[in-house]
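The lines below spell out each chain.
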Amino acid sequence: MGLRLSIGGEEFRLVASPVVLGAVAERYGSFVTPATGTSRDRDPITIEIRCRPDRFAPAYERPVEAHARESAPGEITLAGAVCGHYSIAARQGSIEDASGLGAVDSLLRMALSAALPLDGALLLHGAALRQGRAGGIALCGASGSGKSTAAAALGAFCDELVVLRPTENGLELYSTPYWTGRPFRARCAAVVCLVRGGAPGVVSLRGAAAARALAPHVVRYVAVERIDRAVLGLLCSIGSCADVKLASCPEGDEFISFLTGKLRFEKNAA
């Protein structure tokens, strides 16, 4: 049996038992799509989930730690708490003896991080927020920068991973299911990199400076030369075409009011 998911312009086809697919459908909710058509005229990324029925826990858990490496050109192996593989060229992977949804999430994230750069998009640590009627803002930040605080206060469509896709008409922003994400796609009005400390202010970056600010937020689970070259090219493209900002934010109660005043976020209903 199969189940389709659409995340960041990529389509997944998951193959597993009905029990596993039911748990995945509940976990990913509105990112489940009809089993017809493909995203961006590409074959879906096919993931087979193998498990013993008596060992699979359908309750959601955080992704479990897995060690990824390129075991052969274009072939990624997962070991540790998650055992599996992913073929970059074939866009196919599998999980062996999955014990729960954490293992499924781990391979899906890894497959997204590998497939997106080769399809003209980047997976970044960030939150997706609305700006205006048809626009969005990607809010990126390291642990402790206030990204999650801002996402909760402003009703982000997701808070952990976002997708940025440069196009002829600008930059597109997609939300992801993480955490408790809701589908959202909009033209990205700005990519904001949060930092704490120093004098509060917002600085616009272009070109190489913008690419350097964004680079630490790109999600990479394994070093693959072909993918790394694509990531570098996309960082340069975003730095040239998008409004990238570095926001030094105040601490405490002034943090949210600073963001809303400087960046014109709209609070979204949960």
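One structure accompanies this document, and this report is about it.

## Remarks on the pairing of strand S1 (residues 2–7)
Inspection of the sheet shows S1 paired to strand S2 (residues 10–15) by six bridges, in the antiparallel sense. The residue bridging Arg-4 from the neighbouring strand is Arg-13, located in S2. Counted between consecutive antiparallel strands, the loop separating S1 from S2 contains two residues, among which Gly-8 sits at a positive phi close to 60 degrees. Where S1 and strand S3 (residues 32–33) come together, two bridges link them in antiparallel fashion. Residue Leu-5 lies in a different strand from S3, and its bridge partner there is Val-32.

## Notes on the sheet that holds S1
If you walk across this open sheet you meet the eight strands as S3-S1-S2-S4-S8-S7-S6-S5, and the pairing is mixed. At either end of the open sheet lies a strand with only one pairing partner, and these are S3 and strand S5 (66–72). Note: strand S7 (residues 83–87) against strand S8 (residues 92–96), five bridges, orientation antiparallel. When the sheet's bridge partners are listed, His-85 is paired in S8 with Ser-94. Taken strand by strand, helix H1 (residues 18–28) contacts S1, S2, S3 and strand S4 (45–49), and its axis lies near 20 degrees from that of S1.

## Quick word on the pattern of salt bridges
Taken as a whole and judged by the stated rule, the model has 15 salt bridges. Here Asp-119 ties to Arg-165 by a salt bridge, and the two come within 3.7 Å at their closest N and O atoms. In this pair, Asp-119 sits in the loop between helix H2 (101–118) and strand S9 (122–131) while Arg-165 sits in strand S11 (residues 158–167), placing the two residues 46 residues apart along the sequence. For the pair formed by Asp-119 and Arg-165, the shared burial category is buried. The salt bridge involving Arg-185 is made with Glu-172; its shortest N-O contact spans 3.1 Å. In this pair, Arg-185 sits in strand S13 (residues 185–196) while Glu-172 sits in strand S12 (residues 170–174), placing the two residues 13 residues apart along the sequence.

## With respect to the packing of helix H3 (residues 147–154) against helix H6 (residues 254–263)
One can describe the packing of H3 onto H6 by two numbers: an axis separation of 11 Å at closest approach and a directional angle of 70 degrees. Between H3 and H6, the interaxial angle falls into the category roughly perpendicular. Here Thr-149, Ala-150, Ala-153 and Leu-154 of H3 lie close against H6, whose contacting residues are Phe-255, Ile-256, Leu-259 and Thr-260. For the contact of H3 with H6, the per-class residue count stands at six nonpolar, two polar and no charged.

## A closer look at empty space enclosed by the protein
This model, assessed by the stated rule, comprises one cavity of 30 Å³ or more. Considering only enclosed or pocket space, the largest cavity measures out at about 60 Å³ in volume. Lining the largest cavity we find Ser-113, Ala-114, Pro-117, Val-219, Arg-220, Tyr-221, Val-222, Ile-227, Asp-228 and Val-231. Secondary-structure elements contributing two or more residues to the lining of the largest cavity are H2 and helix H5 (225–241). Considering only residue class, the lining of the largest cavity consists of seven nonpolar, one polar and two charged.

## A short note on the layout of surface pockets
By volume, the largest pocket is sized at about 230 Å³. Lining the largest pocket are 13 residues, with Gly-141, Ala-142, Ser-143, Lys-147 and Ser-148 sitting closest to its centre. Contributions of two or more residues to the lining of the largest pocket are made by H3 and S11. Of the residues in the lining of the largest pocket, the class split is two nonpolar, eight polar and three charged.

## Some details on the packing of H2 against H5
Look at H2 against H5: their axes get within 8 Å of each other, and the N-to-C directions meet at 60 degrees. Of the possible angle classes, the one that applies to H2 and H5 is oblique. Considering the relative orientation of H2 and H5, their crossing is left-handed. Facing H2, whose interface residues are Ser-113, Ala-114, Pro-117 and Leu-118, H5 presents Arg-226, Ile-227, Ala-230, Val-231 and Leu-234. A per-class count over the contact of H2 with H5 returns seven nonpolar, one polar and one charged.

## Some details on H5
With 17 residues, H5 extends 25 Å from end C-alpha to end C-alpha; this agrees with the ideal 24 Å at 1.5 Å per step. Buried within H5 are the following residues: Ile-227, Ala-230, Val-231, Leu-234, Leu-235, Ile-238 and Gly-239. Looking at the buried residues of H5, the elements they touch are H2, S9, S11, S12, helix H4 (207–214) and strand S15 (244–249).

## Examining the nonpolar core
Among the nonpolar cores identified, the biggest contains 72 residues, and Phe-12, Leu-14 and Tyr-86 are the most heavily contacted of them. Tallying contributions element by element places H2 first for this core, with eleven residues. Residues Ala-127, Ile-137, Cys-249 and Leu-259 belong to the second largest nonpolar core, which totals 17 residues.

The rules we used
- Numbering of residues starts from 1 in each chain and follows the order in which that chain's sequence is written.
- A pLDDT threshold of at least 70 governs which residues receive local features in this predicted model, and a stricter bar of 80 or more applies before side-chain atom pairs are shown or counted, although totals over entire chains, interfaces and linings include all residues.
- Hydrogens and water molecules were not included; the side-chain quantities draw on all heavy atoms of the structure.
- Two strands qualify as a pair provided DSSP detects at least 2 bridges between them.
- Runs of H or I in DSSP of at least four residues are treated as helices and runs of E of at least two as strands, each being numbered from the N terminus.
- Contact between two residues is taken to exist if any of their heavy atoms lie within 4.5 Å; hydrogens are not considered.
- Inter-axis angles, ranging from 0 to 180 degrees, are taken between N-to-C directions of lines fitted to C-alpha atoms, where helices are fitted over the stretch in contact.
- A side-chain nitrogen of Lys or Arg and a carboxyl oxygen of Asp or Glu constitute a salt bridge if their distance falls within 4 Å.
- The buried label goes to any residue with under 20% of its type's maximum accessible area, the exposed label to any with over 50%, and the partly exposed label to all in between, with areas taken from a 1.4 Å probe on protein chains only.
- By definition in this entry, angles of less than 35 degrees are roughly parallel, angles greater than 145 are roughly antiparallel, angles of 65 to 115 are roughly perpendicular, and the rest are oblique.
- Polar here means any residue outside two lists: the nonpolar Ala, Val, Leu, Ile, Met, Phe, Trp, Tyr, Cys and Pro, and the charged Asp, Glu, Lys and Arg; Gly therefore counts as polar.
- Buriedness for pockets is judged along seven lines, at least five of which must meet protein on both sides within 12 Å for an open set on the 1 Å grid over protein atoms alone, while cavities are sets there where a 1.4 Å probe fits but cannot get out, and lining residues have an atom within 4 Å of a point.
- Grid points are joined across faces, edges and corners, and a volume is the space filled by probe spheres set on the points.
- The crossing is said to be left-handed when, going from far helix to near helix, the turn is anticlockwise and less than a right angle, and right-handed when the turn is clockwise.
- Expected helix span is computed as 1.5 Å times (number of residues minus one).
- Here, nonpolar core refers to any group of buried Ala, Val, Leu, Ile, Met, Phe, Trp, Tyr and Cys residues whose side-chain atoms link them within 4.5 Å.

Any link to function would need more than the numbers given here.
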